[in-house]
Amino acid sequence: MNALCLKAVRKSYRVGGSQVQALRGVSIEVAAGEMLALTGPSGSGKSTLLNLCGLVDAPDAGTREIEGTVVDRYSPSRLTQLRRERIGFVFQSFNLVPVMNAYENVEYPLLLLGTAAAERKKRIWEMLDRVGLAELGRRLPDALSGGQRQRVAIARALVKSPALVIADEPTGNLDSATAMQIVELLRELTRERGVAAVIATHDERMTRHCDRMLRLVDGEMRDGEMRGPAQGEAR
Amino acid sequence: MKWLLFACRNVLRNRRRSLMALAITAVGTAAVLVGGGFALFTYDSLREVSARDSGHVVLGARDFFEGDEDLPMQHGLAGAAALDAQLRALPGVRAVLPRIQFSGLVSNGDKSAIFIGSGVVPELDFRVRGPQMKFVEGEPFGPGSAVPEIALGKDLARLMKAKPGASLTLLATTTEGNLNAVDVLVRGVVSVGVPDIDRRLVLTDIAAVQKLLLTDKVSTLSLYLKDTGESAAVASLAQAALPQLAVRTWLDLAVFYQAVRELYNRIFGMLGAIMVIIVLFAMSNTLGMAVAERTREIGTLRAIGTHPAEIVRNFLFEGIAIGAAGAAVGMAIAGATTFALAFAGIQMPPPPGRSSGYPLLVNFSPLLYAATGAAVIAISALAAYFASAKAARKPITDALAHV
């Protein structure tokens, strides 16, 4: 069963007086534990497709399935609940809550899920340890480097054991060395936990760690699907 | 608890702005509490003055409170002595005082003036009236002297050029419609702080008045209670025991008290409404700016599965945190002001129609504090709701793209 399946999704926006076709019938499937890279020039529709995958926006046409369930007719409240339980997000600018320390940022999704305090504590420290931040759990985001913040964001996305992680340019604000560490960390964690990941990126090095790569141009898939070397490594 | 902790941290995120909202809320709270406390002090004072003047419960003949009399004591109350024992047996009754209201002319031989008199039982009446009747000269008269003794209002005494020890003559119409006169001795000069009354007032022994008016009736029987709050209950009991009589509470007869209360309620009600608006604007501004600055954060939290209502709840906690802190500081300021005024000895100027001022004091009312605190917190929560509800429902993609 695929973690995510989009079939012929279309999305258009009204910009000024004219209608802009952001996506023109795109279909993708992502299996559990698979990491999919979305590439393409600016304005090609990567972010729009990512928003549809993460259920934060709705398509004009086409269908979306999460873990085999069609979600297009879900109410906003039910979609929120589905995101809460099954989807994690990693943003380019980390988007951590500044008044919460690293531990609390990772704790937030578990608080939403109503996880018991003891279980919550165990999972958070495990997760922080896994991303190499066990010593820095009590630090506020302001006191962390960019790479450390993105590690916290990854921990926040994965601590609830989601089915799918959506990452929008997760290395966009990081230096090369840190970016590589973050990519490798994301790859390891999603693979070992069987989490599907869809990553929008311009970074060539990042695509090399992904199982597959899709290139979007003007809202359409171009050049077909390309397999990344990581696919081979995984098998 | 966690959410409240995060809310408090968010409040401290922009300390200066939160402090400003807190200060405005505190000043508003303090203003309402001091103003309200002053109004309560005024109500309490006027209530005591009114109750001491008329009695907590007043009984008269059926028509006494309704119509004018064609002849003095036409609607008088007979058999007062028998009623006295019956009324004294009611629970909470401290004293039963018969009174006669009468009027006529007072003369010093050279000139005459109209007086409005009250026949009283002096040994009881001066005691229950307490500090509201001040003897500016002389002393209270007693009962049963050979020559009836009187106390004069201070302005009437000045008009009559009468000092304690002076002789005057009271002329009044009897119950039969004839004129009668009695020589009296001035024993004291009093002031009740109301020039219109001080210009006309004559107090004398009730037996002397009955002799002057040729009657054995009294105008009213005034019941003085241990607790003013029991007035309505005792009035009901008295009415049930004596259905042939008309019964009024001090509140029914306290026209001035009711007028002042109505006026103050409007003034302080308006002050309260202004404070509500100021606090609402201050909180809306503070939280509105916080929401605008944190739109992207809201988008992030929405994306990771926070319902709009939960976003609003978080801002409600922030509003409540600022409101509660502001209310607490405002209460402290009001409490300190109340305490300081109790020792400052500041006098207010005489109000219109009065000749003496009164101390500037503020009552401490736990109920007022609790109600004001709750109102401030509710207003803050309301402001937080209005500030955050729209942002919480903004499309997530728009919120995440917010710069």
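Caption draft 1: Highlighting the overall build of chain B. When its secondary structure is counted, chain B shows 14 helices and 12 strands. Against the compact-globule benchmark of 22 Å for 403 residues, chain B has a radius of gyration of 31 Å, which places it well outside the compact range. Out of the 403 residues in chain B, the part that is buried amounts to 40%. The long-range fraction of contacts in chain B, counting pairs at least 24 apart against all pairs at least 6 apart in sequence, stands at 81%.

Caption draft 2: Highlighting the overall build of chain A. Scanning chain A from N- to C-terminus turns up eight helices and 10 strands. Relative to a compact globule of 235 residues, whose C-alpha radius of gyration would be 18 Å, chain A shows 17 Å and is just as compact. Each of the 235 residues in chain A was classed as buried or not, and the buried ones make up 48%. Long-range contacts, defined here as pairs at least 24 residues apart, represent 69% of the contacts in chain A between residues at least 6 apart.

Caption draft 3: Region of interest: the packing of helix α1 (residues 2–11) of chain B against helix α12 (residues 308–344) of chain B. All names here are of chain B. Two elements in contact, α1 and α12, have axes separated by 8 Å at closest approach and are oriented at 65 degrees. Every pair of crossing elements has a handedness; the one defined by α1 and α12 is right-handed. Mapping the contact onto sequence places W3, L4, F6, A7, C8, N10 and V11 in α1 and R313, N314, F317, E318, A321 and I322 in α12. Class assignment for the residues of the contact of α1 with α12 results in nine nonpolar, two polar and two charged.

Caption draft 4: Seen up close, the nonpolar core. L4, L36, L38, L164, A197, V198 and I199 of chain A are the most contacted members of the largest nonpolar core, which totals 108 residues. Each residue touching L36 of chain A, except ones within four places of it in the same chain, is listed here: I28, V30, A197, V198, I199, C210, D211, R212 and L214 of chain A. In terms of nonpolar packing, the next biggest core, distinct from the first, is built from 51 residues, A80, F126, V209 and V247 of chain B among them.

Caption draft 5: Structural context of the packing of helix α10 (residues 255–293) of chain B against α12 of chain B. Residues and elements named next belong to chain B. It is at 11 Å that the axes of α10 and α12 come closest, and there the two elements cross at 140 degrees. Considering the angle they form, α10 stands oblique to α12. Crossing of α10 over α12 shows right-handed handedness. Residue-level contacts link M283, T286, L287 and V291 of α10 to F315, E318, G319, I322 and G323 of α12. Across the contact of α10 with α12, the residue classes tally to five nonpolar, three polar and one charged.

Caption draft 6: Region of interest: helix α8 (residues 231–241) of chain B. Residue and element names in this part refer to chain B. Three or more residues of α8 are buried, namely S231, V234, A235 and A238. Along the long axis of α8, the arc covered by the buried residues comes to 105 degrees, so they all point the same way. Next to the buried residues of α8 lie β1 (57–60), α3 (80–88), β2 (93–107), β9 (220–225), β10 (246–249) and α9 (250–253).

Caption draft 7: Representation of the environment of L223 of chain B within the structure. All names here are of chain B. The residue L223 is located in strand β9 in this model. Taking C-alpha positions, L223 is 6.2 Å from V58, a pair spaced 165 residues apart along the chain. Sequence-distant contacts of L223, defined by excluding residues within four places in its chain, comprise G55, H56, V57, L87, V93, V96, V234 and A238.

Caption draft 8: A look at the sheet that holds strand β5 (residues 69–70) of chain A. Residues and elements named next belong to chain A. With respect to topology, four strands assemble into an open sheet ordered β2-β1-β4-β5, the strand pairing being antiparallel. In this open sheet, the two strands that pair with only one neighbour each are β2 (18–31) and β5. Running at roughly 125 degrees to strand β1 (residues 2–15), helix α1 (residues 46–53) makes contact with β1, β2 and β4 (61–66) of the sheet.

Caption draft 9: Quick peek at unusual backbone geometry. One non-glycine residue, D218 of chain A, adopts positive backbone phi at about 50 degrees. Summarising the element assignment, D218 of chain A is placed in the loop between β9 (212–217) and β10 (220–227). A positive phi angle, near 55 degrees, is found at K161 of chain B, a position not held by glycine.

Caption draft 10: How the structure looks around the domain arrangement of chain B. Residues and elements named next belong to chain B. By domain assignment, chain B separates into domain 1 (2–49 + 257–401) and domain 2 (62–244). Once you take the C-alpha centre of each, domain 1 and domain 2 turn out to be 50 Å apart. Tallied by class, the residues present in the side of domain 1 that touches domain 2 amount to one nonpolar, three polar and two charged.

Caption draft 11: Structural detail: the interface of chain A and chain B. On the side of chain B, 14 residues touch chain A, which itself brings 17 residues to the contact. Elements with a minimum of two residues in the side of chain A that touches chain B: α2 (76–86) and α3 (102–113) of chain A. Ranked by residue count, the leading element in the side of chain A that touches chain B is α2 of chain A, at four residues. Split by residue class, the side of chain A that touches chain B holds nine nonpolar, five polar and three charged.

Caption draft 12: Spotlight on the confidence of the model for chain A. Residues at a pLDDT of 70 or more form 94% of chain A, whose mean pLDDT is 89. Below a pLDDT of 50 lies the segment residues 230–235 of chain A, which in the model reaches nine contacts outside its immediate sequence neighbourhood of four places, other chains included.

Caption draft 13: Quick look at helix α4 (residues 122–129) of chain B. Residues and elements named next belong to chain B. Within α4, burial applies to P122, D125, F126 and R129. One face of α4 carries all of its buried residues, which in axial projection span an arc of 90 degrees. Buried residues belonging to α4 abut α2 (15–54), β2, β3 (112–120) and β8 (201–205). In the segment just after α4, G130 is the residue with positive phi, at about 65 degrees.

Caption draft 14: Fine view of the pairing of β1 of chain B. Residues and elements named next belong to chain B. Side chains V57 and L59 of β1 all project onto a buried face; the interleaved residues V58 and G60 project onto the opposite face, where all are buried too. For β1 and β10, the ladder comprises four bridges, and the chain directions are antiparallel. The partner of V57 across the bridge, within β10, is T249. Both β1 and β9 contribute to a ladder of three bridges, which runs antiparallel. Paired with L59 across the strands is L221, a residue of β9.

Conventions we followed
Throughout this description, residue numbers start from 1 for each chain and increase along the sequence as written. Written order determines the labels here, with chains lettered from A and ligands numbered from 1. Two thresholds apply to this predicted model, a pLDDT of at least 70 for residue-level local features and 80 or more for giving and counting side-chain atom pairs, whereas whole-chain, interface and lining totals are computed over all residues. Secondary structure elements are taken from DSSP: a helix is a run of H or I of four residues or more, a strand is a run of E of two residues or more, and numbering for both begins at the N terminus. What the globule rule says is 2.2 Å times the number of residues to the power 0.38, and the radius of gyration is computed from C-alpha atoms. Partly exposed residues are those falling between the two cut-offs: more than 12 but fewer than 20 other C-beta atoms within 10 Å of their own, whereas 20 or more means buried and 12 or fewer means exposed, with C-beta atoms placed from the backbone. The contact rule is simple: place each C-beta atom from the backbone, and if two of them lie within 7 Å, those residues are in contact. Angles run from 0 to 180 degrees between N-to-C directions of axes, and those axes are lines fitted to C-alpha atoms, restricted for helices to the stretch in contact. Rotating anticlockwise by less than a right angle from the far helix to the near helix defines a left-handed crossing, while the corresponding clockwise rotation defines a right-handed one. Residues were grouped as follows: Ala, Val, Leu, Ile, Met, Phe, Trp, Tyr, Cys and Pro as nonpolar; Asp, Glu, Lys and Arg as charged; and all remaining residues, including Gly, as polar. Think of a nonpolar core as buried Ala, Val, Leu, Ile, Met, Phe, Trp, Tyr and Cys residues, each tied to the set through C-beta atoms within 7 Å. The scheme is simple: roughly parallel for angles under 35 degrees, roughly antiparallel for over 145, roughly perpendicular for 65 to 115, oblique for anything else. Arc, as used here, means the arc of the directions from the helix axis to the C-beta atoms. At least two bridges found by DSSP between two strands is the condition for calling them paired. Segmentation into domains, and thus their bounds, comes from an automatic or database assignment. Note: pLDDT gives the predictor's confidence per residue, expressed from 0 to 100.

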